[in-house]
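# A closer look at the structure
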Amino acid sequence: MRRVLGFLILSAASLFAQWGGELRFCVRSDPKTFNPLMVEDEASETIRYLTGGVLIRVNRLTQELEPELATSWKISQHGKAITFKLRHGVSFSDGTPFSAEDVAYTMHALMDPSLHSPTADAFRSGSGDIQTLASGDQITIVFPAPLAGIERLFDQTPMLSARAVKKEATVLGPFVVAKYTPGTEVLLARNIHYWKTDASGRRLPHLDAIRLDIQQNRDIELARFTRGELHLINNIDPEVFNRLAKQAPSLVNDAGPSLESEMMWFNQNPNAQLPEYEKAWFRSKNFRRAISAAIKRTDMCRVIYFGHAAPAVGPISPANRFWFQAQLKAHAYDPQQAMERLRQDGFHLDAGVLRDREGHAVEFSLITNAGNKARERMSAMIQQDLQTIGIKVNLVSLDFRSLIERISQNFRYEACLLGLTNYDLDPNSQMNVWLSSASNHQWNPSQKKPATAWEAQVDKLMEAQASAVTREKRKGYFDKVQDIVWEEAPFIYLVTKNSLSAFSPKLQNAEPAMIRPQVYWNADRLVLGPAQLAKDLR
Amino acid sequence: MKHARKVAIGIVAVVFTVCLLANFVAPAPYAMQFRDFISAPASRHFWLGTDELGRDRWSRLLYGTRISLLLAPAAALLSTLMAVLIGGVAGYMGGWWDRIVLRVIDIFLSIPWLFLFLIVRAVLPLNTSPLESVIITFMIMGLLGWASPARVIRAGAQSLRNSDLVLHARACGCRGPRLLLMHIAPNLKPVVFAQFWISIPTFILGEASLGLIGLGVAEPLPSWGNLLRELVNPQVVTGSPYVLAPLVLLAVVVSCFQLLLPEKEFAA
């Protein structure tokens, strides 16, 4: 009986579901480019994702690679080459067939040094040009040097047409850019030549169009969403999430930990204009670990994120299933252990004030970007937590530009609280953070040679993982990096935020993922249907 | 009016006294976070409830009122004094000096001060204590806020210069500083006082606006400005009307300041 009822509901769903329709949501700014090889900003990335056809796609739910325009692939020459077998019968949005020639054209255009493509940076493995060898429906791309995790990079590389004049308008993805009104909207229309079909053989995508409203103001976006003018908000604040959850729990979705985390670090740059005794504090592992132990992360998750966050453990979020080092222990809140570590370094409490060996009172400023309520609140909580071990923290909110100038140019700061967003699951995308010579090695960037033994070891491990061929071997090396980072605490990881989104009950087939783009990652299968029916189906 | 003035004096005196005794009257330190009671409603323990970090709103209101009530009038005094010196003298002297001052005022009024605050904040040493930062914030506001009152005071001084009263004084041989101090300044007093009183809420709200972008009084020090930040979220207001307390107190105190004025200044 239940089966029959279920069948009836599903049949009703397919009858009432609006095959077609226009999905509407907001992007924060105008897209800076429609050229998929030049994407840097979020709005352009949204358009690239919805319009671009790629050889391999990372399934946002399983995080596994899935064949798209390539039916299979094989890595050879110790990670230097990758061979794709291309899908038959695929056409661009202008009706012209897709072939190996287009793949070769895309790769050469991407790697052209004069283009300065941000996407190409990840593909650069050594000096020299790439080579493409096409034969029938197969193409082999040979890179100058081995590149670990190369196949994942193709998720970010939409194929261009070698023959089309308007390359940006000739796409292989489910939608094409139909209209762009600067400052107002981008309209994406259904690509009638899209190659995918659903289970019943019907050509995807189901939606007729996607209208992206350009709206910077998040309050207006929220008001429009609650009025039913928008169908989804892809990434919402925990405070707004809580508010919406109280009003209409069916509208919101917490997909669990995201790739975004918040952290603080101390300035360890030897050239920073700080007193020598302060530099000595910040260089001390015991000092950093003591600070970490004195911060009550669980309170941050509860008070600031209303439970939609988890205490952060290390550089990789648990959302990144394969690369997360599951053996790492959570950072325990333990002020006594903190005091013990500080005593080992000669610190002592004097009438409630922590002093170092030479008698200097421990006091430092913590900078964060003005206007970010969560970070300002986190700073205030750190201030109170550290007060319990006698440390005075002065909080300073700076506008973002001033803050970036301080942490990356003049190094006039003591400690900084900021967030980190990983868009890419692969650790190769973090080379610019972990290598001691990298500019984003925030606590002491652009070192000529590693300042400490453990940084030298991290350098070696990162290089080893980047050149190892098997994923498991790479994981072994990167786990060791995570162990060292946990032990040395150059970054004090605070919280890992959950992936929060909101979408209309009219939106069917939505399966929000932890990683971007959370709600519309399966845009070609989304359907707009009657609200009540969608509710029943859920 | 006299009765209302007495009431106003009484209210201001009570508010001042209570705030000056905040250390003894406040049930909790202003920065203390009761993390198990975040955004708690008003209760026996928390008279005005708690904020999003669990800090007692009543205690923060007492300390915040003390800061705003001491520093906003100080900033208003500074800007009014500068306005009198620049605008009053320009209006009295007239001629090219007046024209130059007028142009300077126009330029001053057209500068986007928010960016200046951003620059100042970026240049300030980071290890400035919250108290030092609040004093600096109000001092800068005082130093930058002279242009608008200067224009009004200049207009007042100019009309006085051309008045029968000054003409008569001149005819009687009164000249220079004596004319300025004995005849113009006393008659300019209502305008100056009015500008002073008007400036106080302007500075309080100015600090509140800076607080909205995180550049006002540094955390955890409270001020009316950063207490008013809670009102940005309309949901908080409907859920807990006690967050309106700083706004009500601000309105009451500013109204009382207006009533403290003698009738002549009030009319100005």
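Our structure's up above, just so we're on the same page.
All of the points below concern the structure found in this document. (Residues numbered from 1 in each chain as written. Chains lettered and ligands numbered in written order. Predicted model: local features only at pLDDT ≥ 70, side-chain atom pairs only at ≥ 80, totals over all residues.)

## Here's the deal with the packing of helix H4 (residues 95-110) of chain B against helix H7 (residues 147-161) of chain B
Residues and elements named next belong to chain B.
- Here H4 crosses H7 at 150°, and the two axes come no closer than 9 Å. As H4 packs across H7, the resulting crossing turns out to be left-handed. Between H4, through Val101, Ile105, Phe108 and Leu109, and H7, the contact on the second element is made entirely by Ala147, Ser148, Ala150, Arg151 and Arg154. (Axes fitted to C-alpha atoms, helices over the stretch in contact; angles between N-to-C directions. Helix = DSSP H or I, 4+ residues; strand = E, 2+ residues; numbered from the N terminus. Left-handed = near helix turned anticlockwise from the far one by under 90°. Contact = placed C-beta atoms within 7 Å.)

## Notes on the packing of helix H3 (residues 57-93) of chain B against helix H12 (residues 245-260) of chain B
Residues and elements named next belong to chain B.
- Put simply, H3 and H12 touch, their axes get as near as 11 Å, and they point 30° apart. Pair H3 / H12 crosses with right-handed handedness. Along the contact surface, H3 presents Arg57, Leu61, Gly64 and Thr65, while H12 presents Ala245, Pro246 and Leu249.
- Per-class residue counts for the contact of H3 with H12 are four nonpolar, two polar and one charged. (Nonpolar A, V, L, I, M, F, W, Y, C, P; charged D, E, K, R; others polar.)

## Thoughts on the interface of chain A and chain B
- At the interface, 23 residues of chain A touch 21 residues of chain B.
- Going through the elements one at a time, helix H10 (297-303), strand S16 (363-369), helix H12 (373-387) and strand S17 (392-398) of chain A are the ones with two or more residues in the side of chain A that touches chain B.

## Concerning the pairing of strand S1 (residues 22-27) of chain A
All names here are of chain A.
- Extensive coverage of S1 is indicated by the burial of five of its six residues.
- With six bridges joining them, S1 and strand S10 (residues 209-214) adopt parallel strand pairing. By the bridge assignment, Val27 is partnered in S10 with Ile214. (Buried ≥ 20, exposed ≤ 12 C-beta atoms within 10 Å, placed from the backbone. Pairing = 2+ DSSP bridges.)

## Some details on unusual backbone geometry
Residue and element names in this part refer to chain A.
- The amide bond that connects Leu204 to the next residue, Pro205, takes the cis arrangement and shows omega of 0°.
- Within the secondary structure layout, Pro205 lies in the loop between strand S9 (185-190) and S10.
- The amide bond that connects Arg516 to the next residue, Pro517, takes the cis arrangement and shows omega of -5°.
- Mapped onto the elements of the fold, Pro517 is located in the loop between strand S20 (507-508) and strand S21 (527-528).
- The phi dihedral of Ala489 falls on the positive side, at around 50°, and the residue is not glycine.
- Following the sequence through the fold, Ala489 ends up in the loop between helix H16 (471-488) and strand S19 (491-503).
- Assessed through the 23 C-beta atoms surrounding it within 10 Å, Ala489 is described here as buried.

## Some words on the sheet that holds strand S7 (residues 138-142) of chain A
Residues and elements named next belong to chain A.
- Spatially, the four strands line up as an open sheet ordered S4-S5-S7-S6, and their pairing is antiparallel. The open sheet is flanked by strand S4 (70-76) and strand S6 (131-135), the only strands paired with a single partner. When strand polarity is set aside, the average angle formed by the axes of neighbouring strands in this sheet is 15°.
- Relative to S7, strand S5 (residues 81-86) runs antiparallel, the two sharing five bridges. Of the residues in S7, the one forming a bridge with Thr83 is Thr140.

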